[in-house]
Amino acid sequence: MNLLKAYQQIMNNFVLAELLRMKIIIYFISILILTSCRTEQDGRDSIKNELDTTAFQKELKIEKAELKLEEDARKFALNWVEYITAQNEIRQLENATINQVMNNAPAIAQIMESLKNSVPDSLKSVPVESRLNVINTKAQLLKQYSAKQEPDAEDIQQTTRELHQEFNNLKLQMNEIFLKSLEDFEKELDEFEKMEREQDSTSEDF
C-alpha cells in the first residue's frame, strides 16, 4: 500500500512538473509572438513616419504665376506697409517646403489679419474687402491645419495654394480700382476739352 501511495505521489509530481514546463513553454511562445508583432508594428510605423517626413519636406508646387500690379496701383501699394509685408510672405511660399509653411503659419495668419484691418480708405470697396476677408480666412485655416497633432500635408499644401491665389485676386481688384480711376480721369478730361471747344466756338460767334 505504501508503494502504491509512493507511486501515485511520484506520478502527481511528474504531472505537476509537466504542467509547469508546458506553462513555461507557452509563456515564452507568447512573449515571442508579442515581440514579433511589436517589431512588425514598429516597422510599419517607421515606414509611415518616413513617408510622412518625405511629404512634409516636399517643396510646394504653386502653378499660378504671381500677378503684377499696374504702375499706379504699385505706387500706391509701396506706401501700404501691411501690404508689402504680406506680399513678401506670399513670395516666400513659392519656394517653401510644407514643413517651412507649417512653422511659419502663425506669423502668416497674424500678417494677413493685419492686412485686412489696415485697408486704406481709397481702397475700401466691396470687391477688395471681400478678397481681404477670404485671404484672412485662408491664413487662419492654414494656422489651424498646421497646429494639429497629426497635420495633413495635403491640407496644408492645398490651403497654401489657395492663399496664394486669393492674394493674386486681391491684386486684380486693386488694378481694377486704379484702372477705373484712370478711365474716369480721361473721361473728365474729354468732357473738359469738349466744354473748352464749345466756349471757343461761342466766343467766335460774338
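Please refer to the structure placed before this passage.
Residues numbered from 1 in each chain as written. Predicted model: local features only at pLDDT ≥ 70, side-chain atom pairs only at ≥ 80, totals over all residues. Heavy atoms only, no water.

**Describing the overall build of the chain**
Counting its secondary structure elements, the chain contains six helices and zero strands. Counting the 206 residues in the chain, one finds 25% classified as buried. For the chain, the share of sequence-separated contacts (at least 6 apart) that also reach a separation of at least 24 residues comes to 80%. (Helix = DSSP H or I, 4+ residues; strand = E, 2+ residues; numbered from the N terminus. Buried < 20%, exposed > 50% of the residue type's maximum accessible area, 1.4 Å probe, protein only. Contact = heavy atoms within 4.5 Å.)

**Focus on the side chain of Asn 136**
Along the polypeptide, Asn 136 turns up in helix α5 (residues 126-146). A residue is classified by how much of its surface remains accessible, and Asn 136, at 11% relative accessible area, is buried. Every residue in contact with Asn 136, bar those within four places of it in the chain, is listed here: Ala 109, Met 112, Glu 113 and Lys 116.

**Looking at the environment of Lys 124**
Here Lys 124 lies in the loop between α4 (98-117) and α5. Judged by its relative accessible area of 47%, Lys 124 is partly exposed. When the C-alpha atoms of Lys 124 and Ile 177 are compared, they prove to be 10.0 Å apart, with 53 residues separating the residues in sequence. If near-sequence neighbours (up to four positions away) are discounted, Lys 124 is found in contact with Val 119 and Glu 129.

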